[in-house]
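What the coordinates show
Letter by letter, the chains look like this.
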Amino acid sequence: MNALEARFSSIKSSIVASTMAAKRLPDSVTLVAVSKQQPALAIEALAALGQRDFAENYVQEALVKQAQLAHTPRAAKIIWHFIGPIQSNKTRAIAANFSWVHSVDRPKIAERLSEQRPDNLPPLKIFIEVNVDDESTKAGVSPAELPAMVALCQRLPRIELVGLMVIPARGSPDAFTRTAQLNAHLPSALPLLSMGMSDDFPAAIAAGSTHVRIGTALFGARQMKAES
Ligand SMILES: *Cc1c(COP(=O)(O)O)cnc(C)c1O
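Note that the structure is predicted; figures quoted are calculated from it, not measured. Each chain carries its own residue numbering, running from 1 in the direction its sequence is written. For a predicted model such as this one, the threshold for reporting local features is a pLDDT of at least 70, and the threshold for listing and counting side-chain atom pairs is 80 or more; totals across whole chains, interfaces and linings nevertheless cover every residue. Side-chain numbers here rest on the full set of heavy atoms in the structure, without hydrogens or water.

**Examining the nonpolar core**
Nonpolar cores were defined as sets of buried Ala, Val, Leu, Ile, Met, Phe, Trp, Tyr and Cys residues, with membership established by side-chain atoms within 4.5 Å. Summary of the burial criterion: residues with accessible area below 20% of their type's maximum are buried, those above 50% are exposed, and those between are partly exposed, where the area comes from a 1.4 Å probe applied to protein chains only. The biggest cluster of nonpolar side chains holds 61 residues, and the ones touching the most others in it are Phe54, Val101, Leu113, Ile128, Leu146 and Leu218. Counting residues in each nonpolar core, the second largest holds five residues, with Trp100, Phe127, Val162 and Met165 among its members.

Now the structure itself:
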C-alpha cells in the first residue's frame, strides 16, 4: 500500500467510526477530496482507488487539471465541487464546469450562477456559506440574512439549494452545532451540511455534517503555488 492509499483508507475508517459514534449511517457522510494545489496525477491516483468527489478552490487551476484529466478513463466519473471564494467574473466558468458549489456567499453570486448554468446540464447544486460567528472579516451570509438568502436561492430556477456550509473561526469548536441549529430553524431544514476539514471532521460529523472537505490529511502537504 502506498502513502496515498494508506491515508485514503485511514480517513475512510475514521469517517465510518465518527458516523457510528454519532449513531448515524456510515454512508450518510460523503468524503470530498480537496485537491487544490495538488497535481492532476494525484487526482488520477485517488480516482483510481475509487474516490469520486473532488473539490477545487481556484477556477483557472481547476480548469487546467480538468483538461489534463479529460483523456483518463476515470475522469468521466469525477464529480467536481467548487469550494473557493467566488468573484463575479468567475461565475460563468464555475457554472459550466462544476456540479456542486459550496461557497455561495451572497445573492449576486447565486443569481449569476443560476443565469449562467448551461441548459444542457442539471441544476447546479449549491450550499450557502454561513458566517456563523458573524465576523466582519469573513465571507458568508450572517445568521440574520440567512432566511432571505435561502428564499432567494429556492426561487432561482437553475440552482438547487442543498444545504449550508461553514468554515469555523479558529477557537470556535461549537460552530458546527450552531450551523446545524441554524439549519434546523429554517422554515424547512435543508438536507445537507458541508462541514469539517482535515483537523476537525470528527466533530463536524458528530454535529451532523454530510460532506467533509479533506485536503491535507488525504494528499499530504499542498504541492503547487496558490493562484494569485
Ligand atoms: C483548503 C480547504 C479545505 C481542506 O483543508 P485541509 O485542512 O487541507 O483539509 C476545506 N475547505 C475549504 C473551503 C478549503 O479552502
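**Looking at the environment of Lys77**
By the secondary structure assignment, Lys77 is in the loop between α3 (59-69) and β3 (79-82). C-alpha of Lys77 to C-alpha of Asp53: the two residues are 24 residues apart in sequence and 8.9 Å apart in space. Numbering of helices and strands runs from the N terminus, with a helix taken as a DSSP run of H or I at least four residues long and a strand as a DSSP run of E at least two residues long.

**Quick notes on the packing of helix α5 (residues 107-116) against helix α6 (residues 146-155)**
Comment: axis = line fitted to C-alpha atoms, over the contacting stretch for helices; angle = value between 0 and 180 degrees taken between N-to-C directions. Between α5 and α6, whose axes approach to 10 Å, the crossing angle comes to 10 degrees. Here α5 is positioned roughly parallel relative to α6, judged by the angle of their axes. The residues of α6 that touch α5, namely those facing Pro107, Ala110 and Glu111, are Met149, Leu152 and Cys153. Of the residues in the contact of α5 with α6, the class split is five nonpolar, no polar and one charged. Oblique is the label for any angle not covered by the other classes, which are roughly parallel (under 35 degrees), roughly antiparallel (over 145) and roughly perpendicular (65 to 115). The contact criterion used throughout is that any non-hydrogen atoms of two residues lie within 4.5 Å. Polar here means any residue outside two lists: the nonpolar Ala, Val, Leu, Ile, Met, Phe, Trp, Tyr, Cys and Pro, and the charged Asp, Glu, Lys and Arg; Gly therefore counts as polar.

**Observations regarding the packing of aromatic side chains**
The description of an aromatic ring pair uses the distance of the two centres, along with the angle that the planes make with each other. Working definition: rings of Phe, Tyr and Trp (its six-membered ring) pair if their centres are within 6.5 Å, and the pair is stacked with planes under 30 degrees apart, edge-to-face with planes over 60 apart, and tilted otherwise. This structure, assessed with the given rule, holds three aromatic pairs. Centroid distance Phe54 to Trp80: 6.3 Å. Interplanar angle 45 degrees. Geometry classified as tilted. Of the two residues, Phe54 is situated in strand β2 (residues 53-56) and Trp80 in strand β3; the sequence distance between them amounts to 26 residues. Of the residues examined, Phe54 reaches a relative accessible area of 0% and is grouped as buried. With relative accessibility at 9%, the residue Trp80 sits in the buried group. With centroids separated by 6.0 Å and ring planes inclined at 25 degrees, the aromatic side chains of Trp100 and Phe127 adopt a geometry described as stacked. A residue pair is termed long-range when its members are at least 10 positions apart, and Trp100 in strand β4 (residues 100-104) and Phe127 in strand β5 (residues 124-130) qualify at 27 residues. A relative accessible area of 0% means that Phe127 is categorised as buried.

**Comments concerning the site of the ligand**
If a single non-hydrogen atom of a residue is within 4 Å of a molecule or strand, that residue counts as near it. The ligand sits among Val34, Lys36, Asn57, Ile83, Ile167, Met197, Ser198, Arg213, Ile214, Gly215, Thr216 and Arg222. N or O atoms closer than or at 3.5 Å make up a polar contact, with two conditions inside protein: a donor-capable atom paired with an acceptor-capable one, and, for residues adjacent in sequence, both atoms drawn from side chains. Between the ligand and the protein, one listed contact pairs an oxygen atom with a backbone N or O atom of Gly215 at 2.8 Å. In the environment of the ligand, an oxygen atom lies 2.8 Å from a nitrogen or oxygen atom belonging to the side chain of Arg222. For the area figures, the Shrake-Rupley method with a 1.4 Å probe applies, and any residue is considered shielded solely by the protein chains shown. Within the complex, the protein chains bury 89% of what would otherwise be the 390 Å² of accessible surface of the ligand. Of the residues assigned to the shell around the ligand, the class counts are five nonpolar, four polar and three charged.

**Comments concerning helix α2 (residues 40-48)**
Residues of α2 that are buried: Ala40, Ala42, Ile43, Leu46 and Ala47. The buried residues of α2 occupy one face: seen down the axis, they fall within an arc of 160 degrees. Tucked into the core, α2 has its buried residues touching α1 (3-21), β1 (30-34), β2, α3, β3 and α9 (216-219). Positive backbone phi, at 110 degrees, marks Gly50, one or two positions downstream of α2. This arc is built from the directions going out from the helix axis to the C-beta atoms.

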